[in-house]
Each structure stands twice: as structure tokens, then as C-alpha cells.
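Here are the chains, one letter per residue:
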Amino acid sequence: MTQTRIPVQFILNGKKTAVDILPEQSALQVIRDELGMKGTKEGCGIGECGACTIEVNGQAVNACLMFGVQLDGCRVMTVEGLAEDGRLHPVQEKFLAGHAVQCGFCTPGLLMSTHALLGENPEPDDHQIVQAISGNICRCTGYQQIFSSVRAACGQSDQGSVRENQDSKEERC
Amino acid sequence: MSNDRYHTVGKSILRRGAKERLTGNPIFCADMEPENALYLKAVRSRHPHAGILGIDVSSAMSVPGVVQVFTAKDIPGKNLMGIINKDQPLLAEDKVRSLADPVALVAARTPGAADLAAAAVSVDYDPLPAVFDPEEAMAQDAPQIHAKGNVMVQKKVCRGDVTAAFDKAHTIIEKTYRTSAIEHTYLEPDAGIGFPDEDGTLVIYASTQNPHYDHKEVVSLLGVEDHAVRIIQAATGGGFGSKLDMNVQGFIGLALYHLKQPVRYVYTREEAFLATAKRHPFVIHMKTGADETGRITAMQMKAVCNTGAYGSYGIAVASRAAVHATGPYAIDNVNLECTAVYTNHPFCGAMRGFGTPQMALAHESQMDLHARALNMDPLEIRVLNGVKKGTVTATGQVLTDSVGFQDCLTAVQPEYEKAMKGWLSEPTPAYIRRGVGIGGMWYGIGNTGVQNPSTARVAMDREGQVTLFTGCADIGQGSTTVLSQIAGEALGLDAMDIHVVVADTKYTTNAGATSASRQTYISGNAVKQAADKLADVLLTEAVNYLKIRKSDLRLENGRVFDSRHPEKQVAFSRLAPRILDKGGELSWQGYFDPETVPLHPDTGEGIPYSTYAFACHAACVEVDVLTGETSVCRVIAAHDVGKAIHPENVIGQICGGVAMGVGFALMEEFVPGETISMNDYHIPTAADMPCVIPIIVEASEPSGPFGAKGVGEPALIPTAPAIINAVTHALGKRIYALPASLERVLDASIASGHFNNCYQES
Ligand code: FES
Ligand code: FES
């Protein structure tokens, strides 16, 4: 009993990629199981945790909620696409220096949310940062060192914390 | 102690293993795919309580792709697990005690086949009456869950004369508190893989907090020799206590034993929710008496906690709850009792704090109630009652060193006063009420009144390269980095220059569980002892080589030098072969077991821990009196950690603990049968987080490595009580049950009249 597979083509981390997939496979399954790239994590499979966040055409999406066939013709980026020639991407550098990694299971998703945010908006304010990362659950860090690292990646001071910045945002509105 | 005198201790060096995580390396079990691995799937009970009359696996076996279906009779060794009391079968034999109980295990070539076959296993159940409420389960005629009866354990601590003290008390306050079951929700669902290696050893990679315990347990399940099983801790995506139990390890061991073929088992989030431990829900009846100055003179506490179908760490939870009931306060007359009861609830086990967070809700609420009754400031009443050097605890232990509770209170005071004076009086919309609350805590480091040693090995090779071997599982808290710093400090090396071999039962020796906030203190000491021994051998050889007396020699950057004439020096790489050629030893074992005295079974008298961590949090909240929404704006969190070996790691623990405390206080509740997935269980996101102001207090612990104690669990404990006290402050009405959900806060708002006042105005 062989199921019909569907050919899909997309640009993955800058490289043309062609793969035959099952119609019911999620983008996450395509990336992890068909392409064997394990950087993107599965924490819930139902769009609640953000561990599977990838970038599709510049937007951060939950790969577990997307069908693999929807990747066809898209520009896709996963955590493996961040570092170049063994050199960490500046966002990764800031996470490292900012002690934003504990168990690290949320890290790839958070990096991709941050990368997508900076692609859309190189100078996000604190409220926009919180918005951008609030779909990514982290059970270890309490987000404060992550938040400071994202700030640092945007070229802002790495001081400050989530709520103060929400407050200052509220005051500004 | 200033960090200047240290080479690497006290410095926030880059974390070991962070790069692999940042680049998405396949280091978690779910990322590993041994070739031709079979997929495992447990068949779980359909009843919370039922006898098993028979299991028919024939139709499951005929599902294409199925290789084997195992039941209890396939377990060659002892079909019982549990780190403290062995009461939990890997696969159910004659009965199931909760919906999570596994009755059979399928091994199949594809995940789809495994699922189909699991559904096709037919079990003939004889349903039994079930009981979920622990107080009901204590009744004479309650359904019996285990043959020994439903009361698993009762722990008592008594001292002084409670009755006389209550008679003399000026104010007596008696209340009942309730807390919810909590799901750990570590981000990585439990997972493991296994394969037989060339010599037939069954190798299991697991997401675990205690690989050496897993090893013992798998060996006992399979009835094989120690060397037949090797457990390696894979990268572990958080644990918080739940990965102290055997989750997939036993299943993998069983399938490997029979099939001699690679296998993998990755829980879905739903299975992780269903099948793994929860935080014990508590009902706490607490009565305290104070004199007219606000000094608490007596406490009576009776708690019942629901351990569900199995014990797991329940006994430790009960004894820790009893010992910690007084909070960090000197109370001379106490009568404390905690009972852990079996029910048909999914089993409860260890979760960050082992009953202490539940107890803190009670003692911190009582503190505020007494303060209010006597018109005292909440901080003032804590200063008055707070433990100090010389305080005798409820178990009769005299606190002699590293008692930093008062320092923590002092540390939060400026921010607390600013909030009370300035922030509270800032104008807010009419429907928002602000409140400020305090929470204090103490936490004994390590296991309660029992031996819990750690071992470690530090070895140097001929070239002078140092390797640290430790069985300590780093589950994200950063222990590998901290232990390397401790070894590095003893040897004058950068932490990163030390190779590490971590949590692999073939090469490492037992370091005990990554739990009870014990690894920095206990494994840290074991590592330090091993490294000190190696350092001493190097120094002794350097005396020979340099002809300079030992007391003038120092170790730094891979060499030994004369502190008075630094140019007189010799590299480790020169010393190592000289030592080896003389038949000397360059591989040293360290061992540390904190000094404790077992608690007396009737009075609880003894020395449960050799040191305690202390903390105080102040929380600033805003409550929307019309919706019941509470938003935590700020948490000032002062922690006495003895010595912060890695300050940014400590801050990471504090902030992470506060986040978990926010969840415990306001939103988290696991309801069996209703909480199925992350859809139904919400934990704090970045948008829910307050600004956390961590303050590190260092009341050096003489028996700790460089003065260190621990911080992992303490980080969470004071947050929820501080938030509840702040919500009470905002509304003038107290909430006695966690979580303080929208509904509960709204009820309090209505009961306090704020809802009506505001509603009528608008
Ligand atoms: S795995 Fe996709 S959101 Fe959790
Ligand atoms: S670091 Fe563990 S979940 Fe974020």
C-alpha cells in the first residue's frame, strides 16, 4: 500500500530543495522527517508552543500548523540557516552572550521569531518585541534574558525587562 | 566574598552546550533516529480504577508492521518502579489505578502501525469504584487503591507546647488553603531511544534528571547485570521534577531486551500530559497564634496531599511540607502533620519545591493576616519573626551559618517601600486597583534527613589535559558549566579548558538526582574535593620540581608557579608524565554527603538539611475589578544563594522561577480528564511576565563549594504567595485557593464591593 506522494519545491535556507511528500504531512514533518533537519522542534504539534517556528517568505509561522504542500514555491528558513560557515548569526550571538539559552528546546523557535521580526522591522519597540515572542513558550527562563538578548540584537540596550517595557509602551500610547 | 580573588568562580562565563542549542544540533532524543528503529507506543488504561481480567493482543499482533506487543508477563525482572517506595508497575498486572496506567506496549515499524495496534489491544476490565479526593480516600470504606491502604505516609514535626501557647496567644488565625495539581510543561516532551551496541549492552539515551537511578531501575526491571545496561542523558529540554521518574526508559529497556533492535519512543504532548507526574494538590489547615507584638508563638498545621495512583516522590513531598510549614520564621511551639494519600488521580511526584510552594501559600497568607490583625506592616512582621543565626527550627536544628533571610528582607525593602509609597498612589483608571505583597521562603538543600551523596571524578592525562566526569544531569539549569567552574577554580584553569563527560553511566559515577536544588552544593562539593586532590598531587610534584615549599605555590593557567617569584613555574603538561612515571595517580574521586540526622518518626526531631536557602519576593499587581484580570507588574526577588558561582545562571533561575510562580498563582490547574493538551493548559508567555528585579544575596555557607548553596527551587517558592498577598492588598479580600483565576479574583472583587462600586460609577 503506497500512498501517492506530491512533489514540492522551495528554497530552504537559500538552497533549492525538492521533495516528494504525503499530502497530510505538516511542514514540520517535512522538515524534520523527510529532510532530516532536526533544528526545528516539536513541543505540542497544535500551534500552542512556538517550538516549531520557521520563517516562510519572511514571516514567522508555526510549522506544525502548516501543510507541507503549502511550502511549495516559498522561501523557507529554519534555524540551520542562521549561522554561516560556522559563524553564528548576530541574533544567535546575542542569545549566547545574553544567557538566553537554558534547556534550549525553545531556542530555535525564538531565534526564528526574532529573525522574522528584525526582517520586517529592524527597529522594533519593546511592545513589538514582546508581541513577536509571545507565541514562543519558554518554561525555563522567564523570558527576561531572552527579551534583553532580542533587544541587544536590535541594537538597543540589553537592559530592561518585559513588563517595564510594556508599561512604558502603555504610557506612550 | 569579592570575585576578584577567584579565577572563574563568580563570573558569568558562556554556557556549555549553548552553541549546539543555538544552531539546532540534533542533541535531543527526538532528533536521534537510529537506523531501522522501531516505534513504541503504550496502551493506557480506559478506567481510573479496574481489575484486569485478561489482555488479548492477537488482533494487535496482526496489524501490518507490528513486531511485538508486550504485557506485564514479558517483564523478566521486577515489575515495580519508584525511587522512594516501589509501588508502580511498568505495565499493569492485575489492576489499573489511574487513566495513565500502561497495560501493554507495542513495537512497530511505523508510528501509524504502532497507533493502530495500540488501539487494537483488547483488555477485559472489571471496573472498580474510584476515588479522587484524598480526604474521601482516607475514609474507612473508601475503595482500596493499594493493598497497604490509601494512606501512603504521614509525616509529623512537633516541638514545644502548642496548646499552652494558643491559650496564651493574643491573636489566633485559622484558615484552610488549597492548591491545584500542576503540570510541569517542560518544553521537550519525554523521549528516548535505544539500541544494542556491539557487545550486546543495551544503550538508552533518555531525557532525564537522574540517569544513574534510571540505570538501577532498568536493570531491576530486566533482571540483568549492571553492565548490561548503559544510560546516557541526552540533551534534556527541562524537567522541573517530572523527569526524575522513569517515563520512557523502562519501555525502551523492555523492547530492547526482547527485540535486540533499535527503538525509539517520543511522547506526544498529550501523552506527556497524561502519563507523567503532576505537582501534588494540597489542602492545608493552618492555625497560628501571635502575641501582642506580632511574634508568632504557635502553629498547628494539618495538610493532606493527593499523591494519586503512585508514590513517586510523594513521601519526600510530605516530609518536606511538614518540615517547611513554619516558613523561614522562628516559632517555638509547633504541631505539624502532612499526610500523603493514594487516589485514582494521575500520580503526583516531584515538582520544583516538593510541597514547599504549597506550604508557602499558607504560611505567607497567615503572616499577612497576623500583620493585618495587629496593624503591622507585612515586612515588619517578617523581620520580627524571621530566622537568624541561632534560631532553633521546628525540628530542633540550630541554624548556625549562612542564614540570609533577614538580608533578603533588607534587600527588598527599598523597592518595597518605593512601591508602597509612590507606585500605589499613582492615579489609575477606576477599574484598576493596585496592590503590593510580600512572600518569604526557606528551602533545605538536598534530600530531607536522608543520605544523598554525590560523587565525581577529575582526571588529568599525560599531556596535562583535565577531564571532569560527573553523573549530574544538566537539564537546562547550567550545572555542567557551574561544575566546570568549580573544578577550574580548584585547578587554576578556565572552566572551558576542562573537558567534561556528563551523565553517562558507563563513564560517570552516581551524582544523585538533579533535584532538591542539590547539585551546586552537593555535586559541587564532590567535584571540588576531586579537583583539590588532583591539585594537591600537582603541587607536591611541583615542590620537587621547583624546590619551593607548597605554601608558596599557586596553580594558574595550566601551570604551578611561585607566588613570590611568578617566573619560577612549571606547566601541568610537564608535571603529569613525571607523576605518572613514578606510579602516581592523576585520577581522583570526590565524594560529598551533606551532614544530616534522620528525623524522629513521631516528633520529626533531627537535622533534615545541612544548609538552607532563603528568599523574599515583593510583587506589585494590578487587578481589574470588573474582569478579575490580574497583571503582575513587578517582582523584586532577593535570594540568598550562599555564593553565586555563575551570577547570570542564578538570575536565569530566579526569572524562570518567577514565571513558574506567576503560573502557579494565577493560571495553572491540571484537571484530570479535562486537561488534555497545551490548548487546555496555559502557562505564562512573555506577555504575562512582570519586570523581575533579581537581587543576589550571598550569606556564605562554610560547607558549600566556595560558599555556594542552591537556587533552583527557591526561585519559584515566594512568588505565588507574594502575588496572592498583593491581590489581597488590592481588593481587601483574600483568596485561599490557587490558582487565583479570573473567576476567583472576580468573586473576590464582587465580595469586596469593588466590582459594584466601579460598575455603578461607570
Ligand atoms: S510544535 Fe508547533 S506550536 Fe508547538
Ligand atoms: S530554555 Fe527551556 S524552554 Fe526555553
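Small disclaimer: the values here were computed from a predicted structure and weren't measured. Along each chain, residue indices are assigned from 1 in the same order as the chain's sequence is written. Lettering for chains starts from A, numbering for ligands starts from 1, and both go in the order in which the items are written. Predicted model: local features are reported for residues with pLDDT of at least 70 only, side-chain atom pairs are reported and counted for 80 or more only, and whole-chain, interface and lining totals are derived from all residues. Side-chain calculation: all heavy atoms of the structure are included, whereas hydrogens and water are not.

1. Side note on the pattern of salt bridges
All names here are of chain B.
Working step 1: In the sections that follow, a salt bridge refers to a side-chain nitrogen of Lys or Arg positioned within 4 Å of a carboxyl oxygen of Asp or Glu. On inspection of all chains with the given rule, the structure shows 30 salt bridges over all chains.
Working step 2: For Asp368, the salt bridge goes to Arg382, with nearest N and O atoms at 2.8 Å. Taken together, the positions of Asp368 in helix H10 (residues 356–373) and Arg382 in helix H11 (residues 378–385) put the pair 14 residues apart, joining distant regions of the chain.
Working step 3: Exposure is judged per residue with a 1.4 Å probe applied to protein chains only, and the accessible area is read against the type maximum: over 50% gives exposed, under 20% gives buried, and values in between give partly exposed. Given a relative accessible area of 11%, Asp368 falls into the buried group.
Working step 4: Each of Glu364, Asp368, Arg382 and Arg734 takes part in a single network of salt bridges with overlapping partners. Here a helix means four or more residues in a row that DSSP labels H or I, a strand means two or more in a row labelled E, and each is numbered from the N terminus.

2. Focus on helix H4 (residues 126–133) of chain A
Residues and elements named next belong to chain A.
Working step 1: Buried within H4 we find Asp126, Ile129, Val130 and Ile133. Across the axial projection of H4, the buried residues extend over an arc of 95 degrees, all falling on one side.
Working step 2: We call two N or O atoms a polar contact when they sit within 3.5 Å, provided that within protein one can donate a hydrogen and the other can accept it, with sequence-adjacent residues counted only if both atoms are side-chain atoms. The N-cap of H4, judged by a side-chain oxygen 3.1 Å from the amide nitrogen of His127 a few residues on, is Asp125. The arc under discussion is defined with respect to the helix axis, by the directions toward the C-beta atoms.

3. Notes on the interface of chain A and chain B
Interface size is often expressed as the accessible area that is lost when the parts come together.
Working step 1: Contact definition: two residues touch when any of their heavy atoms are within 4.5 Å. Taken together, the contact between chain A and chain B spans 46 residues of the former and 62 residues of the latter.
Working step 2: Note on chain A versus chain B: buried area summed over both sides is about 4100 Å², and carbon and sulfur give 60% of it.
Working step 3: Here B:Glu668 makes a salt bridge to A:Arg139, at a shortest N to O gap of 2.8 Å.
Working step 4: Seen at the junction of chain A and chain B, the total is 17 residue pairs in polar contact (both at pLDDT 80 or more).
Working step 5: Elements represented by at least two residues in the side of chain A that touches chain B include exactly helix H1 (27–34), helix H2 (90–97), helix H3 (107–120), H4, helix H5 (144–153) and helix H6 (162–172) of chain A. We define buried area as the total accessible area lost by two parts upon association, computed with a 1.4 Å probe and summed across both.

4. Brief notes about the environment of B:Met246
Residues and elements named next belong to chain B.
Working step 1: With respect to the secondary-structure elements, Met246 resides in the loop between strand S12 (229–233) and helix H7 (249–259).
Working step 2: For Met246 and Gly308, which are 62 residues apart along the polypeptide, the C-alpha to C-alpha distance reads 16 Å.
Working step 3: In contact with Met246, other than residues within four places in its own chain, are Met81, Tyr213, Asp214, Glu217, Val218 and Leu221.

5. Some details on empty space enclosed by the protein
All names here are of chain B.
Working step 1: Here a cavity means grid points, on a 1 Å grid over the protein atoms only, where a 1.4 Å probe fits yet cannot get out; a pocket means an open set of points with protein on both sides within 12 Å along at least five of seven lines; lining residues are those with an atom within 4 Å of a point. Grid points are joined across faces, edges and corners, and a volume is the space filled by probe spheres set on the points. The final tally for this structure, using the stated rule, is 9 cavities of 30 Å³ or more.
Working step 2: Estimated volume of the largest cavity: approximately 570 Å³.
Working step 3: Gln477, Ser517, Gln653, Val711 and Gly712 are the residues nearest the centre of the largest cavity, which is lined by 38 residues in total.
Working step 4: Contributing elements (two or more residues each) for the lining of the largest cavity: helix H13 (479–491), helix H14 (519–546) and helix H16 (647–666).

6. What about the domain arrangement of chain A?
All names here are of chain A.
Working step 1: Start and end positions for the domains come from either an automated domain assignment or a database one. Taken domain by domain, chain A holds domain 1 (6–81) and domain 2 (90–172).
Working step 2: Computed over C-alpha atoms only, the centres of domain 1 and domain 2 are separated by 23 Å.
Working step 3: Contacts between domain 1 and domain 2 engage 17 residues on the former and 13 residues on the latter.
Working step 4: Taking both sides of the interface into account, the surface hidden between domain 1 and domain 2 amounts to around 1100 Å²; carbon and sulfur atoms contribute 62%.
Working step 5: It is Thr53, Glu55 and Val79 that lose the most area in domain 1 upon contact with domain 2, and together they represent 36% of the buried surface on that side.
Working step 6: Counting every contact that joins domain 1 to domain 2 gives 0 salt bridges.
Working step 7: Secondary structure elements with two or more residues in the side of domain 1 that touches domain 2: strand S3 (53–56) and strand S4 (59–62).
Working step 8: Broken down by element, the side of domain 1 that touches domain 2 gets its largest block of residues, 3 residues, from S3.

7. A look at the domain arrangement of chain B
Residues and elements named next belong to chain B.
Working step 1: Segmenting chain B into domains produces domain 1 (4–25 + 453–592), domain 2 (32–128 + 190–266) and domain 3 (282–447 + 601–761).
Working step 2: Computed over C-alpha atoms only, the centres of domain 1 and domain 2 are separated by 38 Å.
Working step 3: Across the contact, 19 residues belong to domain 1 and 18 residues belong to domain 2.
Working step 4: Of the roughly 1300 Å² buried between domain 1 and domain 2, counting both surfaces, carbon and sulfur atoms make up 50%.
Working step 5: Along the contact surface separating domain 1 from domain 2 lie 1 salt bridge.
Working step 6: The shortest N-O distance in the salt bridge between Asp504 and Arg230 comes to 2.7 Å.

8. Digging into the packing of H10(B) against helix H17 (residues 719–731) of chain B
All names here are of chain B.
Working step 1: Lines fitted to C-alpha atoms define the axes, with helix axes restricted to the stretch in contact, and inter-axis angles between N-to-C directions lie between 0 and 180 degrees. Between H10 and H17, the least distance of the axes is 9 Å, while the angle of their chain directions is 35 degrees. Viewed along their axes, H10 and H17 form a crossing whose handedness is right-handed. Contacts between H10 and H17 involve Ala360, Leu361, Glu364, Ser365 and Asp368 from the former and Pro721, Ile724 and Asn725 from the latter.
Working step 2: A breakdown of the residues in the contact of H10 with H17 according to their chemical character gives 4 nonpolar, 2 polar and 2 charged. For any helix crossing, the convention is left-handed if the near helix is rotated counterclockwise from the far helix by under a right angle, and right-handed if that rotation is clockwise. Classification convention: Asp, Glu, Lys, Arg as charged; Ala, Val, Leu, Ile, Met, Phe, Trp, Tyr, Cys, Pro as nonpolar; all other residues, Gly among them, as polar.

9. Structural notes on the layout of surface pockets
Working step 1: Of the pockets and cavities examined, the largest pocket occupies roughly 1400 Å³.
Working step 2: Along the walls of the largest pocket sit 44 residues, with A:Gln29, A:Asp33, B:Tyr39, B:Pro111 and B:Gly112 positioned nearest its centre.
Working step 3: Contributing elements (two or more residues each) for the lining of the largest pocket: H1 of chain A together with strand S1 (38–44), helix H3 (111–120), strand S13 (263–266) and helix H8 (269–275) of chain B.
Working step 4: Broken down by element, the residue count for the lining of the largest pocket peaks at 6 residues, all from H3(B).

10. As for the side chain of B:Glu701
Working step 1: Summarising the element assignment, B:Glu701 is placed in the loop between strand S29 (691–697) and H17.
Working step 2: Apart from residues lying up to four places away in sequence, B:Glu701 is in contact with B:Asp401, B:Ser402, B:Tyr521, B:Ser610, B:Thr611, B:Gly642, B:Gly707, B:Ala708 and B:Lys709.

11. Topic: the confidence of the model for chain B
Working step 1: The pLDDT score gives, residue by residue, the confidence of the prediction method on a 0 to 100 scale. Taken over all residues, the pLDDT of chain B has a mean of 97, while the share at 70 or more is 100%.
Working step 2: Note on the complex model: pTM 0.97, ipTM 0.97.

12. Remarks on the side chain of B:Thr236
Residues and elements named next belong to chain B.
Working step 1: Considering the arrangement of structural elements, one finds Thr236 in the loop between S12 and H7.
Working step 2: Under the relative-accessibility criterion, Thr236 is labelled buried at 0%.
Working step 3: Engagement of the side chain of Thr236 in a polar contact is seen with the side chain of Gln233, the distance being 2.9 Å.
Working step 4: Here the side chain of Thr236 touches Ala234 through a polar contact of 2.9 Å, landing on its backbone oxygen.

13. Thoughts on the sheet that holds strand S26 (residues 587–592) of chain B
All names here are of chain B.
Working step 1: Strand pairing is defined by DSSP finding a minimum of two bridges between the two strands. Here we have 4 strands laid out as an open sheet, ordered S22-S21-S20-S26, and mixed in their pairing. Every other strand in the sheet has two partners, leaving strand S22 (499–502) and S26 as the edge strands with one partner each. On average, each strand axis in the sheet is tilted by 20 degrees relative to the strand beside it, whichever way the strands run.
Working step 2: Two strands pair when backbone bridges link them, and strand S21 (residues 466–470) and S22 are joined in this way by 4 bridges, in the parallel orientation. When the sheet's bridge partners are listed, Thr467 is paired in S22 with His499.

14. Regarding the pairing of strand S27 (residues 612–624) of chain B
Residues and elements named next belong to chain B.
Working step 1: Burial analysis of S27 places 13 of its 13 residues in the buried class, which makes it a mostly covered element.
Working step 2: Residues of S27 alternate between two faces, with Tyr612, Phe614, Cys616, Ala618, Cys620, Glu622 and Asp624 on one and Ala613, Ala615, His617, Ala619, Val621 and Val623 on the opposite face, all of them buried.
Working step 3: By the bridge criterion, 13 bridges tie strand S19 (residues 432–444) to S27 in an arrangement that is antiparallel. When the bridges of S27 are listed, Gly444 appears paired with Tyr612.
Working step 4: The antiparallel pairing of S27 with strand S28 (residues 630–640) creates a hairpin that spans 5 residues between the two strands, and Gly628 there sits at a positive phi of about 85 degrees.

15. Some details on the environment of B:Gly732
All names here are of chain B.
Working step 1: With respect to the helices, strands and loops of the structure, Gly732 is situated in the loop between H17 and helix H18 (742–752).
Working step 2: For Gly732, a relative accessible area of 54% translates into the label exposed.
Working step 3: Separated by 21 residues in the primary sequence, Gly732 and Gly753 place their C-alpha atoms 9.4 Å from one another.

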